[in-house]
Amino acid sequence: MDNFEKLNQIFRMVFDDNEITIKPEMTANDIDGWDSLSHINLIVAVESAYGIKFSRKDVLSFKNIGDLYKCLESKL
Amino acid sequence: MTFTSIFFIVFLLGVYLIFRVSPQKYRWGVLLIASYVFYSTLNVPYLILAIIFITAATFVGGIQISKSITPQAKLAWLWFGITVNVGILVSLKYIPFILDNVSYFTDVEYAFGRQIVSIGVSFYTFQAISYLTDIYLEIQEPEKHLGRFSLYLSFFPKLLQGPIERASALLPQLRSDYHFDADDLKTGINLFLWGLFKKVVIADRLALAVDAVYQNVHDHSGISLVLATYCYALQIYFDFSGYTDMALGIARVFNIRLTQNFNNPYLSTSIADFWRRWHISFSTWILDYIFKPLQFEFRKWVRWGTPLALIITFLVSGVWHGASWCFIVWGGIHGLYLAGSAMLSKPLSRVYKRFRIDKSQTFKIINTVITFHMVCFAWIFFRSKTLADSVYIVSKIMTVFIDITVPKLIGDSEHILQLLGKQKFEIVIILLLTALTLLIESLRHPVEDNSRRIGLSWLAKMPCWMQGTAYGLILYFSLFYGVSTQSFIYFQF
């Protein structure tokens, strides 16, 4: 399973929906339940799954899933 | 000079004419001079100094953040900009409050500071902070043209009460050329008239009833306090959204689209939903620049991190609205509402799904009614003169529900009718107009489709005679039923 597929699994787990198929250009508006409150659950889940730490600047500048994935790959 | 004065209409006409005859490359200059003239009519010279200083510090800060090479230097410039902005905001807005509290504990009276006026400062400092932060986050390029940047901070339709515009939304519009567009002009005038009507006919009429009760809360029964609180909820909505419509309308005349601030907030089905529909430019600001960084820092506390971040964010929101304990308690109440719903949302949504009520219309209506009352409860603190008054109102309202009897209700109603005296007929008209306006507002297009959400745009599709009658009625009510003595509520923030 590549990293993008693994990220997709994390999305499915965090937002409790096995139908989710992520794409780089997708944003919170495209996924049910992804709002400003639940966003942090996604960040924490990604951090623990990959054993990485995002900085505040990283997290605040994500505009879509592509940005999150790029930042994630740069830390692996 | 407020939007509702004749003087402003003359000023606006003058600016529009000069703007139209000026060459394209100087049009930003016309709007900038107009904005500074508009601000200077408040007759508070240090406010002009404050905006010039904030503009200069933020302009330099933005360029330096982008130019700096090391992350430490970028961060240092960001903090420089934020400190200047917050420093000026605090000095102008909070000195009287700080001195009052110091006097209370030291028994020394400070006359200094009571006369300080800070109209507009909280709006453009917040705009400046978002500009600097976005450059730091590399989601915004710094503006290199000092004139256009000054206009971004000071553009007169949104200078005194917002909307708090993001650089990414407003700067590109200020850079692009103006081309006459009859639709924009018509829409701008529509929005301005609609906002004027909401402000002078509805909000200011309701204000008379609200003020009568809230000035002397001890003279009133529980029922009048309940009614006055409902009226205040409507007043503040019509006042602020009326102002916003006027601001959007004025900007639209110059082909500039400002952010929509309201989306039928009293139809919200939860407090979180309310904050997505009420003062949207402010709520998204505190979400992005206070809540998100705090939530990120607090993520190590798993369950408690988000609720704590919400409470702190809304306490800051209370302080932003004004230096008084009433606003702080108002913010705290909203923080507690949201923290509670963040903690309970998962278990509750499971229960709703289990009983299959999550999609029921009745359940939605019940939630809307409950949310409206929760918002009204918090408004009591927002409107009261002192915290002691708010506590008195809440306790008095409680007794209405605990100690309710038919003779008492009849007695109270008679008392209210007596108070209204000859104004009964007028009150009925105003309540009908309020209901009609709320209905028209709720029929408007949702906020997501900003291009179509344009005040009375629905009127444009009607036959000519109907358009004429509608405008005639709006003007008639604004001129003859308007109350022009009230200033806008959000001026004080």
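About the cut-offs
Residues numbered from 1 in each chain as written. Chains lettered and ligands numbered in written order. Predicted model: local features only at pLDDT ≥ 70, side-chain atom pairs only at ≥ 80, totals over all residues. Heavy atoms only, no water. Helix = DSSP H or I, 4+ residues; strand = E, 2+ residues; numbered from the N terminus. Buried < 20%, exposed > 50% of the residue type's maximum accessible area, 1.4 Å probe, protein only. Areas by Shrake-Rupley, 256 points an atom, 1.4 Å probe, with all protein chains shown as cover. Axes fitted to C-alpha atoms, helices over the stretch in contact; angles between N-to-C directions. Parallel < 35°, antiparallel > 145°, perpendicular 65-115°, else oblique. Left-handed = near helix turned anticlockwise from the far one by under 90°. Contact = heavy atoms within 4.5 Å. Nonpolar A, V, L, I, M, F, W, Y, C, P; charged D, E, K, R; others polar. Buried area = accessible area lost by both parts, 1.4 Å probe. Salt bridge = Lys/Arg side-chain N within 4 Å of Asp/Glu carboxyl O. Phe/Tyr/Trp six-rings, centres within 6.5 Å; stacked < 30°, edge-to-face > 60°. Lys NZ or Arg CZ within 6 Å of the ring centre and 35° of its normal. Patch = residues over 30% accessible without salt bridge, like charges linked within 9 Å, V, L, I, M, F, W, Y side chains within 5 Å. Domains from an automatic or database assignment. Polar contact = N/O pair within 3.5 Å; in protein donor to acceptor, adjacent residues only side chain to side chain. Expected span 1.5 Å × (residues − 1). Arc of directions from axis to C-beta.

A. Structural view of the overall build of chain B. Summing up its helical and strand segments, chain B has 19 helices and 0 strands in all. Among the 493 residues that make up chain B, the fraction classed as buried is 53%. Accessible surface, chain B: about 23,200 Å² in total, of which carbon and sulfur atoms supply 69%.

B. Focus on the packing of helix H6 (residues 146–154) of chain B against helix H7 (residues 167–175) of chain B. All names here are of chain B. Running from N to C, H6 and H7 cross one another at 130°; their axes reach a closest spacing of 10 Å. By the angle between their axes, H6 is oblique relative to H7. In the crossing of H6 with H7, the sense of the turn from one axis to the other is right-handed. Side by side, H6 and H7 meet where Arg148, Leu151 and Tyr152 of the first sit next to Ala167, Leu170, Leu171, Leu174 and Arg175 of the second. Grouping the amino acids of the contact of H6 with H7 by side-chain chemistry returns 6 nonpolar, no polar and 2 charged.

C. The arrangement of the interface of chain A and chain B in detail. At the junction of the two partners, chain A supplies 15 residues and chain B supplies 17 residues. Regarding the contact of chain A and chain B, the summed buried area is about 1,400 Å², with carbon and sulfur atoms giving 69% of it. Applying the counting criterion to the chain A and chain B interface returns 3 salt bridges. A per-element tally of the side of chain A that touches chain B places helix H3 (residues 56–61) of chain A first, with 5 residues. Residues that form the side of chain A that touches chain B fall into these classes: 7 nonpolar, 3 polar and 5 charged.

D. View of the packing of aromatic side chains. Scanning all chains against the criterion turns up 55 aromatic pairs over all chains. Measuring from ring centre to ring centre gives 5.0 Å for Phe4(A) and Tyr69(A), while their planes differ by 90°; the resulting arrangement is edge-to-face. Linking Phe4(A) in helix H1 (residues 3–14) with Tyr69(A) in helix H4 (residues 65–74), this pair joins segments that are 65 residues apart in sequence. Taking the centre distance of 5.5 Å and the plane angle of 80° together, the rings of Phe54(A) and Phe62(A) count as edge-to-face. Note that Lys57(A) overlies the ring of Tyr136(B), its terminal NZ or CZ placed 4.4 Å from the centroid. Over the aromatic face of Trp301(B) sits the side chain of Lys300(B), whose NZ or CZ is 5.2 Å from the ring centroid.

E. Region of the structure containing the environment of Phe11(A). Residues and elements named next belong to chain A. Take Phe11: it is sitting in helix H1. Distance from Phe11 to Asn41, taken between C-alpha atoms, is 9.9 Å for residues 30 residues apart in sequence. Once you skip the residues sitting within four places of it in the chain, Phe11 turns out to touch Asp16, Ile20, Ile22, Ile31, Trp34, Leu42, Ile65 and Leu68.

F. Region of interest: a nonpolar patch on the surface. Residue and element names in this part refer to chain B. Taken together, the side chains of Val86, Val90, Ile98 and Val102 define a hydrophobic patch exposed on the protein surface, amounting to about 260 Å² of accessible area. Structurally, Val86 can be placed in helix H4 (residues 71–106). Overall, Val86 belongs to the partly exposed group, its relative accessible area being 33%.

G. Expanded view of unusual backbone geometry. Residue and element names in this part refer to chain B. Between Gly162 and Pro163 the backbone carries a cis peptide bond, its omega angle lying at 5°. Mapped onto the secondary structure, Pro163 falls in the loop between H6 and H7. Residue His279 is not a glycine yet carries a positive backbone phi of 45°. Within the element layout of this structure, His279 appears in the loop between helix H10 (271–277) and helix H11 (280–297). Of the residues examined, His279 reaches a relative accessible area of 0% and is grouped as buried.

H. Region of interest: the domain arrangement of chain B. All names here are of chain B. Examined at the domain level, chain B breaks down into domain 1 (6–178) and domain 2 (184–492). Listed per partner, the contact involves 35 residues of domain 1 and 38 residues of domain 2. The interface formed by domain 1 and domain 2 holds 1 salt bridge in total. Between Arg166 and Asp288 there is a salt bridge whose closest N-O contact spans 3.1 Å. Counting every contact that joins domain 1 to domain 2 gives 13 residue pairs in polar contact (both at pLDDT 80 or more). Secondary structure elements with two or more residues in the side of domain 1 that touches domain 2: helix H1 (6–21), H4, helix H5 (121–136) and H7. In terms of residue count, the dominant contributor to the side of domain 1 that touches domain 2 is H5 (8 residues).

I. Region of the structure containing helix H15 (residues 387–402) of chain B. Residues and elements named next belong to chain B. Across its 16 residues, H15 extends 23 Å between first and last C-alpha, which sits within 8% of the 22 Å expected from 1.5 Å per residue. Inspection of H15 places Asp389, Ser390, Ile393, Val394, Ile397 and Val400 among the buried residues, and these make up the whole buried set. For H15, the arc enclosing every buried residue in end-on projection is 135°, short of the 170-degree limit, so these residues lie on one face. Away from the buried face of H15 by more than 90 degrees, exposed residues Ala388, Val391 and Ile402 are located. Residues of H15 that are buried in the fold lie against helix H8 (182–215), helix H9 (222–253), helix H13 (325–354) and helix H14 (361–383).

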